[in-house]
Amino acid sequence: MTDTSAPLVSLRGRRVILGVTGGIAAYKAVEVCRRLVDAGAHVAPVLTDDALRFVGALTFSALASEPARTSLFDGPDPIPHTRLGQSADLIVVAPATAKLLGKYAAGISDDLLTATLLATRAPVLVAPAMHTEMWEHPAVQENLTTLRRRGVHVVDPEAGRLAGGDEGEGRLADPARIVGAVAAALATGDLAGVRVLVTAGGTREPLDPVRFVGNRSSGKMGHAVADVAARRGAAVTLVTAADHPATDVVEVVRVETADEMADAVLGRFAEVDVVVMAAAVADFRPKATTAQKLKKHDGVPEVVLEPTPDILATLGERKQPHQVLVGFAAETEHVREHAATKLAAKRVDLMVANDVSAPDAGFEVDTNRAVLLYSSGSAEEIPLMPKPDLAGLILDRIVESLKGNQ
Ligand code: CTP
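These notes cover the structure that comes with them. (Residues numbered from 1 in each chain as written. Predicted model: local features only at pLDDT ≥ 70, side-chain atom pairs only at ≥ 80, totals over all residues. Heavy atoms only, no water.)

Regarding the overall build of the protein chain
- Per the secondary structure count, the protein chain includes 14 helices and 19 strands.
- On C-alpha atoms alone, the protein chain measures out to a radius of gyration of 23 Å, which is about the 22 Å that the 2.2 N^0.38 rule sets for 406 residues.
- On the principal axes, the C-alpha backbone points of the protein chain span a range of 75 × 55 × 40 Å.
- The burial tally for the protein chain puts 52% of its 406 residues in the buried class.
- Excluding contacts between residues fewer than 6 apart, the proportion of contacts in the protein chain whose partners are at least 24 apart in sequence is 65%.
- With an accessible surface of roughly 18,900 Å², the protein chain has 52% of that area assigned to carbon and sulfur atoms.
- For the protein chain, the distance from the average site of its 42 positive side-chain charges to the average site of its 52 negative ones is 2 Å. (Helix = DSSP H or I, 4+ residues; strand = E, 2+ residues; numbered from the N terminus. Rg over C-alpha atoms; globule rule 2.2 N^0.38 Å. Buried < 20%, exposed > 50% of the residue type's maximum accessible area, 1.4 Å probe, protein only. Contact = heavy atoms within 4.5 Å. Areas by Shrake-Rupley, 256 points an atom, 1.4 Å probe, with all protein chains shown as cover. Lys, Arg positive; Asp, Glu negative; His and termini not counted. Charge placed at Lys NZ, Arg CZ, Asp CG, Glu CD.)

Focus on unusual backbone geometry
- In the segment running from Ala 94 into Pro 95, the intervening peptide bond is cis, with an omega of -5°.
- Tracing the backbone shows Pro 95 in strand E3 (residues 90-96).
- Even without glycine at this site, His 334 takes up a positive phi of about 40°.
- By secondary structure assignment, the location of His 334 is in the loop between strand E16 (324-331) and helix H13 (335-346).

Describing the packing of helix H5 (residues 98-106) against helix H8 (residues 138-149)
- Across the interface, H5 lies against H8 with an axial gap of 9 Å and an inter-helix angle of 50°. Comparing the axis directions of H5 and H8 gives the class oblique. Crossing of H5 over H8 shows left-handed handedness. For the pair H5 and H8, the contacting residues are Ala 98, Leu 101, Gly 102, Tyr 104 and Ala 105 in the first and Val 140, Asn 143, Leu 144, Thr 146 and Leu 147 in the second.
- The residue inventory of the contact of H5 with H8, partitioned by class, reads 7 nonpolar, 3 polar and no charged. (Axes fitted to C-alpha atoms, helices over the stretch in contact; angles between N-to-C directions. Parallel < 35°, antiparallel > 145°, perpendicular 65-115°, else oblique. Left-handed = near helix turned anticlockwise from the far one by under 90°. Nonpolar A, V, L, I, M, F, W, Y, C, P; charged D, E, K, R; others polar.)

Concerning the packing of helix H1 (residues 26-38) against helix H9 (residues 175-186)
- In the contact formed by H1 and H9, the axes pass within 9 Å of each other and the chain directions differ by 45°. Considered as vectors, H1 and H9 are oriented oblique to each other. Between H1 and H9 the crossing geometry is right-handed. Note on element contacts: H9 touches H1 through Pro 175, Ala 176, Ile 178, Val 179 and Val 182, opposite Lys 28, Glu 31, Val 32, Arg 35 and Leu 36.

As for the pairing of strand E17 (residues 350-355)
- By the criterion of burial, E17 is predominantly enclosed, with 5 of the 6 residues buried.
- Here E16 runs beside E17; their pairing, made up of 6 bridges, is parallel. Residue pairing for E17: Gly 327 is matched across the bridge by Met 351.
- Examined bridge by bridge, E17 and strand E18 (residues 367-374) share 4 bridges and lie antiparallel to one another. Residue Ala 353 lies in a different strand from E18, and its bridge partner there is Val 371. (Pairing = 2+ DSSP bridges.)

Take a look at the structure:
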């Protein structure tokens, strides 16, 4: 079996500072350290005092490329932070506590790690981990917004089991994802430095707690676009209604409904360069949903539908000249004509038109065939090929379009 968690980009020769702060998840930083070293990086660990309460410096010294540092003052070097900061290709802080994020956002440097963060021009990645209440606190979220605005990459935490038996959002991202994000931030592919948002899967619109209105989209096409874009160096956010794993993107937002997808996409649109709307967004949702399961003995319900927001059309209205917008058109007849109408109506740069009634293309299968329609009026017939290959071809066209926008 191939190791899907292996970094997609070699980190050979890259100098990475691994900052570790004091949270339960500090033990997972050991795994991050090992994976970075395995990927070829030269890893210099820096632990805070609080981190030392959870993990030993010796463990990191044994696994990393040089001994762990823990203090501004007790080594032979009088100014270790400037030397560390200046020589780094990248700094990754995992886990990053609420305290670290607060100090970093406010520009406070009272230990080796925070001093190094302020003394560097290298890209910085933070992987927060904390209890859900702390994660959701406006102070923490505002600090993250500030850091993101300054170009800091945030590897969002995941939902799951937390310390003390609690469940919720705030669990440190999987070490493989963190290393994937490091690789993406250091990548040199033709999409390096490009921020790409991809949507995938079919949304589900609830009728009651157990039933929904859905569609046949599997999410394979969108996930392929996200994976290939990440391999080519893009910082990818994947907003997905499918439940495939996604290991190598910077951020995964799991959604269920069209409304949730709209919130996730529209909220991030201003920060990205490219959006690929591969999701099959439901056009209609039940007007009323019930809190309890509809019971058979109450008779056959009459389901009234109402429209959902058209996310792509909204993006088309808000699009800035430097942004590239790609839509997918799922058609069963008059593929080109219908797709061309959508291209114009939603003001996209490129529409990928699929005949979803064909057995070997479109929904649920591993291959796809498409017609690419451009806002210039030209069109390109793409023969049947595996979805990752079509993803690569679409990304080639996006790269050309980004160059044209410069
Ligand atoms: N789309 C969207 N929001 C919706 C519906 C569709 O953002 N509520 C996007 C899809 O992600 C896709 C494009 O619009 O990129 C075209 O979707 P498609 O289902 O082919 O077309 P519709 O606009 O929904 O029109 P119709 O269903 O009538 O073919």
